[in-house]
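# An overview of the molecular structure
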Amino acid sequence: MVVVGAGIIGLTAAWRALLAGASVTVLDPAPGDGATHAAAGMLGPVMEAEFGEERLARTGARSVRLWPGFAAELEQAARLAPGTLGLDTRGTLAVAYDADDAAALRRRLTLHRTLGLESEEISPAQARDREPALGPRVAGAAWIPGDHQVDPRAVHRALLDVVRAHPRAHLAERTATALTWNDGTVSGVLDDTGTRWGTAGGDGRSPSRTVVLAAGHASATLYPGAPTRAVPGTTLRLDADATAGPSTVVRGTVQGRPVYVVPRRARPDGRREIVVGATSDERAATTRTRAGDVFALLRDARALLPALDEADLVETTTRSRPGTPDNTPLLGRAAPGLVLATGHYRGGILLAPHTAATLDTLLTTVPGATAGEPADPPHGPDTQESPCPTN
Ligand code: GLY
C-alpha cells in the first residue's frame, strides 16, 4: 500500500493498514506539517454542528464516542502511559459575549435538539461557577457535555512512532506529484524525484495493492475526483502559568465572531499550553499569518477570558483545512486501487477514529463481495509488496 500524506488521517490509514497485514509506504515531505500542525484538538461535533450539515454532525457525534477506545489502542501500540494523548472528556463551556451572541447561541441549541445532540442552556452565574476565569461580560451560556479535546500533536507523534517502528512500514519524505494508472487501476504514485512507488501491480483489491489518498487540501491536484479546497485557518499557542486562566474548554462568540480557547493539562514545570483558535477563510492555501488575525483572535479570547493577557504568545500557525463541496469527508473507494481518506475539513482530529473504523472495514473487504469477507489474512505478513520504490 502507498499512503499519500502523513497528517493525522494519512498515518491513521497507515496504522490501520499495518494492522490489516499490509506493507505500507507513506509519502510526505513534512509529516504532520499540514492542517494537523494548526489543529487545536477540539473534538466538538455539537458546537461545530451547522444548519444544513446534519449528516456531518451525526458522523462527528459517532466519532467522538469512538475517541476513548481509539486513544487507548494508540497509546498501547505506541507504548505510552494511559492519558499521554491528553484526551479530556470533561465537556465544553459555550459562552456568548453580547445579547446578539446569546440569541445566536439559543438558535444553535435548537439545532442540537433537532439533531439529538446534548446541550443545556445555563445562566452566566452557572457558567462562572464552571469556569471562574470568565470575564465580567457574558450574556448567555450553555454546557456541552459531549464536546471534548485531545492534544493533536501528541496523537500525531504517537502515530508516527507506531508507523516508523513497524517492520512493514516505510516513510519517505517525498512529495507525491501524480498517481500512476495501469489499465484503469491505480498502480502507484510518482514523486517529485521521478521515483515511482508501486503497489505491486496488482488488481487493486487487497490492502497492499491500494493507494490511499490522504493529502488534505492538495488531494484534488492528484485526483480531480477528490474535489478538495483549501480553507486556511490560524491558531495561536500560548504558554501560561497552570494556575492562571481557564481550566475548561471555552467556545464563544464575540459580536458574531467565533473563538475557542483550549487549555491543556499542566506540565511538570507548572505551566501549560493554551490554544486559541481559529480563523476560517475561503482563500488560497497559505502558511503565512496575518497580523489582523492574531489581533482579532487575542481580542476576542481576552474579552471572554481576561487572564489570558498574562500568558506568553509562543506560536502563531496558519495551515489549510481540506474542505469539500458539502464539507463531508471523502472516505471510501474511488477507483480500482484507490481509496480516498481526505476532505475532513474542520474535523481531521475529531474524525480520526471514524476514519480508522471505516478503513478497518474497507481494507479487509473485497470490492463487490459480501461485506465483511476478508481480502487478505488480517494479520499475516504481506510478501507481495516491497516497501522499496520501483522505478
Ligand atoms: N475544528 C476546529 C477548527 O476547524 O477550527
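To be clear, the structure that these remarks concern was listed above.
What comes next is a walk through the structure. Here the residue index of a chain counts from 1 through its sequence in written order. Since the coordinates come from a predicted model, pLDDT governs what is reported: local features require at least 70, and pairs of side-chain atoms require 80 or more to be given and counted, while whole-chain, interface and lining totals use all residues. Calculated side-chain values reflect all of the structure's heavy atoms, with hydrogen atoms and water omitted.

## Focus on the layout of surface pockets
The following threshold applies: The distinction between a cavity and a pocket rests on a 1 Å grid over the protein atoms alone: a 1.4 Å probe fits inside a cavity but cannot get out, while a pocket stays open yet meets protein on both sides within 12 Å along at least five of seven lines, and a residue with an atom within 4 Å of a point counts as lining. Grid points are joined across faces, edges and corners, and a volume is the space filled by probe spheres set on the points. Elements are defined by DSSP. Helices are runs of H or I of four residues or more, strands are runs of E of two residues or more, and each kind is numbered from the N terminus. Under the grouping applied here, Gly and all other residues not named as nonpolar or charged are polar, the nonpolar ones being Ala, Val, Leu, Ile, Met, Phe, Trp, Tyr, Cys and Pro and the charged ones Asp, Glu, Lys and Arg.
Each pocket or cavity is described by its volume, and for the second largest pocket that value is around 560 Å³. Lining the second largest pocket are 28 residues; nearest its centre among them are Thr-253, Gly-256, Arg-257, Pro-258 and Val-259. Contributing elements (two or more residues each) for the lining of the second largest pocket: strand 4 (92-96), helix 4 (99-115), strand 14 (249-254), strand 15 (257-263) and helix 8 (291-304). When residues in the lining of the second largest pocket are grouped by element, the largest group, five residues, is from helix 4. Classifying every residue of the lining of the second largest pocket gives 13 nonpolar, five polar and ten charged.

## Some words on the sheet that holds strand 13 (residues 229-241)
The test is simple: Think of it this way: DSSP has to see at least two bridges between two strands before they count as a pair. Between N-to-C directions, angles cover 0 to 180 degrees, with each direction set by a line fitted to C-alpha atoms, over the stretch in contact for helices.
Strand order in the open sheet formed by eight strands is 5-6-4-14-15-16-13-17, and the pairing between neighbours is mixed. Edge positions in the sheet fall to strand 5 (120-122) and strand 17 (312-323), since each of these pairs with one other strand and no more. Across the sheet, the mean angle separating the axes of adjacent strands is 25° when strand polarity is ignored. Across five bridges, strand 4 lies against strand 6 (residues 140-144) in antiparallel orientation. Looking across to strand 6, one finds that Thr-92 is bridged to Ile-144.

## Notes on the site of the ligand
We apply this condition: Any residue with a non-hydrogen atom lying within 4 Å of a molecule or strand is treated as near it. We define a polar contact as two N or O atoms separated by no more than 3.5 Å, with the added condition that, inside protein, one atom must be a possible hydrogen donor and the other a possible acceptor, whereas residues neighbouring each other in sequence contribute only through side-chain atom pairs. Accessible surface area values rest on a Shrake-Rupley calculation with a 1.4 Å probe, where residue burial reflects the displayed protein chains alone.
In the neighbourhood of the ligand, the contacting residues comprise Glu-48, Tyr-260, Ala-278, Arg-321 and Arg-346. Here Glu-48 contributes a side-chain N or O atom positioned 2.9 Å from a nitrogen atom of the ligand. Taking Arg-321, its side chain carries an N or O atom lying 2.8 Å from an oxygen atom of the ligand. Within the complex, 91% of the 190 Å² of free accessible area of the ligand lies under protein.

## Brief notes about the pattern of salt bridges
Applicable threshold: The working definition used for a salt bridge is a side-chain nitrogen of Lys or Arg within 4 Å of a carboxyl oxygen of Asp or Glu. A 1.4 Å probe rolled over the protein chains alone gives each residue an accessible area, and that area as a share of the maximum for its type sets the label: buried under 20%, exposed over 50%, partly exposed in between.
In this structure the tally under the stated criterion is 25 salt bridges. Its salt-bridge partner being Asp-309, residue Arg-302 comes within 2.6 Å of it at the nearest N-O pair. Residue class for Arg-302 comes out partly exposed when judged on its relative accessible area of 41%. Judged by its relative accessible area of 43%, Asp-309 falls in the partly exposed class. Via salt bridges that share partners, Asp-239, Arg-267, Asp-269, Arg-271 and Asp-312 belong to a single interconnected network.

## Observations concerning unusual backbone geometry
Cis geometry marks the peptide bond from Gly-277 to Ala-278, where omega comes out at -20°. Relative to the assigned elements, Ala-278 resides in the loop between strand 16 (271-277) and helix 8. The phi dihedral of Arg-79 is positive, around 55°, even though this residue is not glycine. Arg-79 sits in the exposed class, given a relative accessible area of 77%. Look at Asn-327: it is not a glycine, yet its phi comes out positive at around 60°. Residue placement: Asn-327 occurs in the loop between strand 17 and strand 18 (330-335). Of the residues examined, Asn-327 reaches a relative accessible area of 9% and is grouped as buried.

## Description of the pairing of strand 10 (residues 185-191)
Among the seven residues of strand 10, six are classified as buried, and the element is accordingly described as predominantly covered. Pairing between strand 9 (residues 176-182) and strand 10: six bridges, direction antiparallel. Bridge pairing in strand 10 places Trp-181 opposite Val-186. Following strand 9, the chain reverses through two residues before pairing antiparallel with strand 10; Asp-183 in that reversal takes a positive phi of roughly 55°. Bridge count between strand 10 and strand 11 (residues 196-198): three bridges; the pairing is antiparallel.

## Details of the sheet that holds strand 9
Read from one edge of the open sheet, three strands run 9-10-11, paired in antiparallel fashion. Looking at the sheet topology across the chains shown, the edges are occupied by strand 9 and strand 11. If you compare each strand with its neighbour and ignore which way they point, the axes differ by 30° on average.

## Section: the packing of helix 1 (residues 8-19) against helix 9 (residues 352-362)
Inclusion rule: We call a crossing left-handed when the near helix sits turned anticlockwise from the far one by less than a right angle, and right-handed when that turn is clockwise. By definition in these notes, contact holds between two residues if any of their heavy atoms fall within 4.5 Å.
With their axes 9 Å apart at the nearest point, helix 1 and helix 9 run at an angle of 35° to one another. Two packed elements cross with a definite hand, and for helix 1 against helix 9 that hand is right-handed. Residues Ile-9, Thr-12, Ala-13 and Arg-16 of helix 1 touch helix 9, and the partners they reach there are Ala-352, Thr-355, Ala-356, Leu-359 and Asp-360. In terms of residue class, the contact of helix 1 with helix 9 is made up of five nonpolar, two polar and two charged.

## Some points on the side chain of Arg-251
In this structure, Arg-251 sits in strand 14. Polar side-chain contacts of Arg-251 include one of 2.8 Å to the side chain of Glu-48. Apart from residues lying up to four places away in sequence, Arg-251 is in contact with Met-42, Met-47, Glu-48, Thr-92, Leu-93, Ala-94, Val-95, Val-259 and Tyr-260.

## Focus: the environment of Glu-282
Positionally, Glu-282 belongs in the loop between strand 16 and helix 8. The exposure class assigned to Glu-282 is exposed, which follows from its relative accessible area of 54%. Sequence separation of Glu-282 and Pro-232 is 50 residues, and the distance between their C-alpha atoms is 7.0 Å. Discounting chain neighbours no more than four positions away, the residues touching Glu-282 are Arg-229, Ala-230 and Val-231. Looking at Glu-282, its side chain comes within polar contact range of the side chain of Arg-229, at 2.7 Å.

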